[in-house]
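# Residue-level structure breakdown
So you can see what is in the structure, the chains are spelled out below.
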Amino acid sequence: MLSCSDVAVTLGARRLFSGVTLRFPPGTCTALVGGNGAGKTTLLHTLIGDRDPDEGVVTRPKDLRIGWLPQDVVDAVGETTTVLEHVLEGAAHIRALEARLRELEERMSAPGAANADPGDQDALLRSYAEVQDRFATLGGYELESEAHRVLAGLGFAPEDAHRDTAELSGGWRVRVALARLLLAKPDLLVLDEPTNHLDLDTIAWLEGTLRELPGALLLVSHDRDFIDATADVIVELAAGTTTAYEVRSGTLAAELGGFASFVAQREERLASLRAAKAQQDRVIAQQERFVERFRYKATKARQVQSRIKALEKLERIEVPDHKQLVARFAFPEPARSGRVVAEAKGLTVAYGDLVVLDEVDLVIERGRTVALIGPNGAGKTTLLRSLLGQVPVTGGSVELGSGVEVAVVDQHQAEVMDLDKTVLEEFRTALGDRHRGINHRTMLGAFGFPGDLAERLVLELSGGERTRLGLAKAMASPANLLLLDEPTNHLDLASRDVLEDALGAYAGTVVLITHDRHVIRATADTIVEVGDGDLQVFDGSYEELMERRGAGAAGNRGRDAAAGGGGRGAGADGRAAGGRAAGGRAAGGRAGGGAAGGRAGGGAAGGRAGGGAGDGRAGGGGRPTTSAGTGRPTDQRSGRRLDGGGQRRDPEAKRREAERRNARHRATRDLKRAVDRLERELGEVEAEIAELNRTMADPDLYSDGERVKALVAQHGAAKDRSAALLARWEQALEELESAEAAIEAG
């Protein structure tokens, strides 16, 4: 088991972190989170032995096998082997056993072996039996079939196994490296942002695979759904140190998921720290007043000196300021565009014989946030670039609407920056005459580069900070069509949260490609699934799409393997409702008849050769388009949604709804407070039990019999309190549910 104690690392004059003490027991998954530049990757390098700590000790057993997937793993994948060969090299210890078996077999079948000394024969047979047993236990006989299974799970077709790795793009080389590690099944698997190059299907598969690994897992990720599905412990690196939170057990984890449990525990801890710091500040102020009052009084000199020394030795309580980790994205108010922002008619894009988009139709209306989902290579980025005219169109047409101004955040934008420029200088390369009267430093500060951070070299920025600078450059102009291609890659959790808020407040139109399910749920009101050269449109949220597919209740937090665009567990062939299995490309399809428009149809209104239209736009026998705006109608003057009849909601109905909400709040307020209080108390007790369990797991403890007895008694008392609190919580929750049901019925 790998562990570290009081580890500290200093880079130049900056103390990156200190006092880091962690353990990684087999069978557990630890997720390391923190802001960009906090030192997560440096800590990983320190733990695996790539660099020595400046202080403290890292303990690694000699026989510990560590698997390591860095962010820049692309160059580590060789170009002289096939995909399968490279993956099998990861299981070198198993292949060494296989070679040993072949050697022993040759010795047993060699001429004269039958006439050898019986003792030597017995020793040879015992060695062969031991090696064979070890080989079988490690899965040696199924090694190649397991390699094919892992490659298939990561999205490789069967024929790809024999392709040269030199033919693969960077994203697919990352998958090859990940497959190699998964096949090796190391004692400790360390992954630095493993989901950056994976699509939704593959992420869902990886979640299930990682949960089954026998060894320990340590990962850095900014995908909260992925963390929620895999992590037992979340370690936050903030304010120069680490804090660990148990997130797999407890009432909050059971009700809301591990990540929500982490957030709740962190807020409780910060509240306790603030209270303790306030108390300490009061004591310090009292002591300082005494010192100032009697500093020059001879009869009080000893007391004054005693208090001065006590203040010097006092360990000051520091409360991490998480607000410093948040990048605040500000969007200028864009000019108003036409109702149709972009339209594709019969769009076909092909690269040689490979048809990526096959006669697809799409209309994007003003004010929508459209998420493009689908497997890697399905054509999402091609569709996005076709809107910009950056790819040759084989057939059909693409047009932008009137008054449309476009801003683009490309997933490779950070790679084309001048590394020798400062952040401020690089930012200014994207600004025009309209920004001359604006304070550029203020604008950069809004994107998380305040003060002296604007003078840092781009070379010194982390991957997430470079991505954030790319966002700042793209969003500085008041565009009304925002095209985002994987904008969240390398962004930390705090920055993703604020990006979600900004997109929610953005008045323009957004077309977004991302594999972060939380971002899609929080921002998109239209889902376009790209695959097999076709588009499937769902006019609604990601949660509604998952419910339509039977993927469970909203907010499943990635636990179900069906979660993910086109995931396993979707109906028919895994595509959106109304897909090919339903008889056409969209609801009604090319050859189909009428269509149910909007959300009920799960796709476009009407079809190419089909008759009627779902929302009345297409008219009889026309050629309606697949629309990302065929749901509830919109007031073209205000941009607000209307009700199902195309009218603004009745003010009287709004008033009655508000009264019902107020009545519900008054009737359930005290019950909700009781449930929340009991949940907090139960979480505290369970945290105490978890801490006692960790303490009692230390073998050195049992040399002190009296301490063991005390801990056992404390553990029993905590368990009793937990059981009593759980019973009270269940009763309070039942009363709350009954009260809510009575209100709904009455």
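In this section: a nonpolar patch on the surface. Judged by side-chain polarity, Leu400, Val406 and Val408 come together as a nonpolar surface patch covering roughly 180 Å² of accessible area. For Leu400, a relative accessible area of 35% gives the class partly exposed.

Moving on: helix α15 (residues 463–475). In this model α15 runs 18 Å from its N-terminal to its C-terminal C-alpha over 13 residues, within 8% of the 18 Å that 1.5 Å per residue would give. Most of α15 is tucked away, with 12 of its 13 residues classed as buried. Those residues of α15 lying buried are Gly464, Glu465, Arg466, Thr467, Arg468, Leu469, Gly470, Leu471, Ala472, Lys473, Ala474 and Met475.

Running from N to C, helix α3 (residues 92–109) and helix α4 (residues 118–137) cross one another at 155°; their axes reach a closest spacing of 10 Å. Looking at the two axes, α3 sits roughly antiparallel to α4. The two elements α3 and α4 cross, and the hand of that crossing is left-handed. Where α3 approaches α4, its residues Ile94, Leu97, Glu98, Arg100, Leu101, Leu104, Glu105, Arg107 and Met108 are matched on the opposing element by Leu124, Leu125, Ser127, Tyr128, Val131, Gln132, Arg134 and Phe135.

Time to look at the pattern of salt bridges. Inspection of every chain in the model, using the stated rule, returns 27 salt bridges. In this structure, Lys473 engages Glu426 in a salt bridge whose closest nitrogen and oxygen atoms are separated by 2.7 Å. With Lys473 in helix α15 and Glu426 in helix α13 (residues 423–428), this residue pair connects regions lying 47 residues apart in the sequence. With respect to burial, Lys473 and Glu426 carry one shared label: buried. Linked by salt bridges that have partners in common, Glu207, Asp225, Arg517 and Arg521 make up one network.

Per-residue confidence for the protein gives a mean pLDDT of 79, with 78% of residues at or over 70. Within the model, the stretch residues 551–649 combines pLDDT values under 50 with 246 contacts to residues more than four positions away or in other chains.

As a further point, take empty space enclosed by the protein. Throughout the structure, instances matching the rule amount to five cavities of 30 Å³ or more. Taken as a whole, the second largest cavity spans an internal volume of roughly 120 Å³. Thr195, Asn196, Asp223, Asn489 and Arg496 are, among the 16 residues lining the second largest cavity, the residues nearest its centre. Along the lines of polarity and charge, the residues of the lining of the second largest cavity split into three nonpolar, eight polar and five charged.

A word on the packing of aromatic side chains. For the coordinates displayed, the defined rule picks out five aromatic pairs. When the centroid spacing of 5.4 Å and the interplanar angle of 65° are considered together, the rings of Phe259 and Phe262 count as edge-to-face. With Phe259 and Phe262 both in helix α10 (residues 258–294) and three residues apart, this pair spans about one turn of that helix. Here Phe259 matches Phe262 in class, with each residue buried. An aromatic cluster is built from Tyr245, Phe259 and Phe262, whose rings are joined through pairwise contacts. Geometry around Trp172 places Arg175 over its ring, the cationic atom sitting 4.3 Å from the centre. The aromatic ring of Phe294 is capped on one face by Lys300, whose charged end is 5.4 Å from the ring centroid.

Reading guide: rules and limits
Residues numbered from 1 in each chain as written. Predicted model: local features only at pLDDT ≥ 70, side-chain atom pairs only at ≥ 80, totals over all residues. Heavy atoms only, no water. Patch = residues over 30% accessible without salt bridge, like charges linked within 9 Å, V, L, I, M, F, W, Y side chains within 5 Å. Areas by Shrake-Rupley, 256 points an atom, 1.4 Å probe, with all protein chains shown as cover. Salt bridge = Lys/Arg side-chain N within 4 Å of Asp/Glu carboxyl O. Buried < 20%, exposed > 50% of the residue type's maximum accessible area, 1.4 Å probe, protein only. Helix = DSSP H or I, 4+ residues; strand = E, 2+ residues; numbered from the N terminus. Expected span 1.5 Å × (residues − 1). Axes fitted to C-alpha atoms, helices over the stretch in contact; angles between N-to-C directions. Parallel < 35°, antiparallel > 145°, perpendicular 65-115°, else oblique. Left-handed = near helix turned anticlockwise from the far one by under 90°. Contact = heavy atoms within 4.5 Å. pLDDT = per-residue confidence, 0-100. 1 Å grid on protein atoms, 1.4 Å probe; cavity = no way out; pocket = protein on both sides within 12 Å on 5 of 7 lines; lining within 4 Å. Points joined across faces, edges and corners; volume = space filled by probe spheres on them. Nonpolar A, V, L, I, M, F, W, Y, C, P; charged D, E, K, R; others polar. Phe/Tyr/Trp six-rings, centres within 6.5 Å; stacked < 30°, edge-to-face > 60°. Lys NZ or Arg CZ within 6 Å of the ring centre and 35° of its normal.

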